[in-house]
Amino acid sequence: MPGLLILSSAFLAAAGNGISLVAFPWLVLQRTGSATAASIVAGAGTLPLLFATLIAGTAVDFLGRRRVAILADAMSALSVAAIPILALTLGAGVLNTAVLAGLAALGAFFDPAGMTARLSMLPEAARRADWTLDHSNSMYEAVFNLAYITGPGIGGLLIATLGGISTMWVTAAAFVLS
């Protein structure tokens, strides 16, 4: 059971990240019609990864792996849930390029710490599940990569069926479940 919980968490978080990769730039493109603005938001969603990766291990050591995994996914959920909340409370006009870039950056900043925390829980989960570390690692990588690869496609389908703003509710739910 612990091994499946880690795998499920990794899948949901990676899928949420993959959906976000498509949904954030799409919202900007839909709102502004500007490919430049969409690329700014896409960059804002990836640039924090460079800095956050440097401190992710320290955060896990200092705060604890379980706490960091939960905090990272909660912050990712809040950053994407803020989009429909802002649209409902203040109107969709508030979702300009700067706001969406800021929310994309906020969500991305916590991703490396969440991934590091889940990876650090893997050996214990493997032991409890009576799996070899090789088996659990290969399963983790397969699940994570499958979710990260399919996430953008799922995001595209969600955008086509629900719209860009509502897609963020689904993305937030994936992070909460993670």
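In this report, the structure presented in the accompanying data block is examined. Keep in mind the model is a prediction, meaning the values are calculated, not measured.

The next point concerns the nonpolar core. Formed by 22 residues in total, the largest nonpolar core has its most connected members in F24, V41, V80, I83, L100 and M168. Elements supplying a minimum of two residues to this core: α1 (2-32), α2 (35-44), α4 (65-90), α5 (97-109) and α8 (164-177). Here the element with the most residues in this core is α4; it accounts for six residues. Residue contacts for M168: discarding those within four places in its chain leaves A23, F24, L27, V80, I83 and P84. Core analysis: the second largest hydrophobic core is formed by 18 residues, A14, A69, A125 and V143 among them.

Once that is clear, we can look at the packing of α1 against α8. Where α1 contacts α8, the two axes come as close as 9 Å, and the packing angle between them is 160°. By the angle class used here, α1 and α8 are roughly antiparallel. Crossing hand, α1 versus α8: left-handed. For the pair α1 and α8, contact is made by L12, A13, G16, N17, I19, S20, A23, F24, L27, Q30 and R31 and by G164, I165, T167, M168, T171, A174, F175 and L177, respectively.

Quick notes on the rules
Residues numbered from 1 in each chain as written. Predicted model: local features only at pLDDT ≥ 70, side-chain atom pairs only at ≥ 80, totals over all residues. Heavy atoms only, no water. Core = buried A, V, L, I, M, F, W, Y, C linked by side-chain atoms within 4.5 Å. Buried < 20%, exposed > 50% of the residue type's maximum accessible area, 1.4 Å probe, protein only. Helix = DSSP H or I, 4+ residues; strand = E, 2+ residues; numbered from the N terminus. Contact = heavy atoms within 4.5 Å. Axes fitted to C-alpha atoms, helices over the stretch in contact; angles between N-to-C directions. Parallel < 35°, antiparallel > 145°, perpendicular 65-115°, else oblique. Left-handed = near helix turned anticlockwise from the far one by under 90°.

Note that all results are geometric; they support no functional claim without further evidence.
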